[in-house]
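# Coordinate inspection notes
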Amino acid sequence: MVRFKNRWLLVEFVDTSTADVSTGNEPLSTRSLDGRLIYNALRDSVVTNFGDTGWGAVGMSLTVKYFSPTTNLCIIRVARDHHRIAWGAVTLLTSIHDVRIIPRVIHVSGTIKHAQLSAIAHNREVIARFRTKLKNAALHHDSYDDYLARSTREIEALQD
């Protein structure tokens, strides 16, 4: 039996949307994104930048396994032989569903376990930044503790 070899991309989507002060409209935020929208944007990016041949190479193996709207963190699985096409498509994304973003590939892993460990560590770093930005002491229990516990359970539950 042959096992499928994958690469796992850990991607953070940095939201660059700003509010339009003249109209008073709220911008769309990454909180409105989900795995399906990210997958569709990745598919369009692969087809636009690498053509049908690129999509044929990564189409069967490309999946969005996890997305957190709180930390804008995403775990993407793709076949090992063609992971550079997916990485290029992620890097060339400028918007997802009219939400302007800057994708940042944080980690590329050969196993889901190392992608999970990197995602959990990155979530802790982002929450620490949120807390310092709000000048919130980490000594007391807050909603971020609940989020960290919930996201850690969700990430650890991911299967190959």
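Residues numbered from 1 in each chain as written. Predicted model: local features only at pLDDT ≥ 70, side-chain atom pairs only at ≥ 80, totals over all residues. Heavy atoms only, no water.

Using the following cut-off: UniProt positions are given in the numbering used here, feature names are shortened, and annotations may be inferred rather than shown by experiment.
Under an unreviewed UniProt entry, the protein chain has the name Ribonuclease P/MRP protein subunit POP5 and belongs to Suillus subaureus. Per UniProt, the comment on the protein chain under Sequence similarities (unreviewed entry) is "Belongs to the eukaryotic/archaeal RNase P protein component 2 family."

## Topic: the pairing of strand E1 (residues 6-15)
Applicable threshold: Any residue under 20% of the maximum accessible area for its type is buried, any over 50% is exposed, and the rest in between are partly exposed; the area is computed with a 1.4 Å probe on protein chains only. Going along the chain from the N terminus, every DSSP run of H or I of four or more residues is numbered as a helix, and every run of E of two or more is numbered as a strand. Each pair of strands is called paired provided DSSP finds at least two bridges between the two strands.
Extensive coverage of E1 is indicated by the burial of seven of its ten residues. Here seven bridges tie E1 to strand E3 (residues 73-79), and the two strands are oriented antiparallel to one another. Across the sheet, residue leucine 9 finds its bridge partner in E3, namely isoleucine 76. In the sheet, E1 pairs with strand E5 (residues 99-109) via eight bridges, with the strands oriented antiparallel. Its bridge partner being in E5, phenylalanine 13 is matched across the sheet by proline 103.

## Overview of the environment of phenylalanine 13
Position of phenylalanine 13 among the secondary structure elements: in strand E1. Here the alpha-carbon distance between phenylalanine 13 and proline 103, two residues 90 residues apart in the chain, equals 4.5 Å.

## Regarding the nonpolar core
Rule in force here: Throughout, nonpolar core names a set of buried Ala, Val, Leu, Ile, Met, Phe, Trp, Tyr and Cys residues whose side chains join them through atoms within 4.5 Å. Only heavy atoms matter for contacts: two residues are in contact if any of them lie within 4.5 Å across the pair.
Formed by 23 residues in total, the largest nonpolar core has its most connected members in Phe13, Ile38, Leu42, Cys74, Ile76, Leu93 and Ile96. No other element matches helix H1 (residues 35-58), which puts six residues into this core. Sequence-distant contacts of isoleucine 96, defined by excluding residues within four places in its chain, comprise Phe13, Leu33, Leu37, Ile38, Ala41 and Ile101. Core analysis: the second largest hydrophobic core is formed by 15 residues, Leu73, Ile120, Tyr147 and Leu158 among them.

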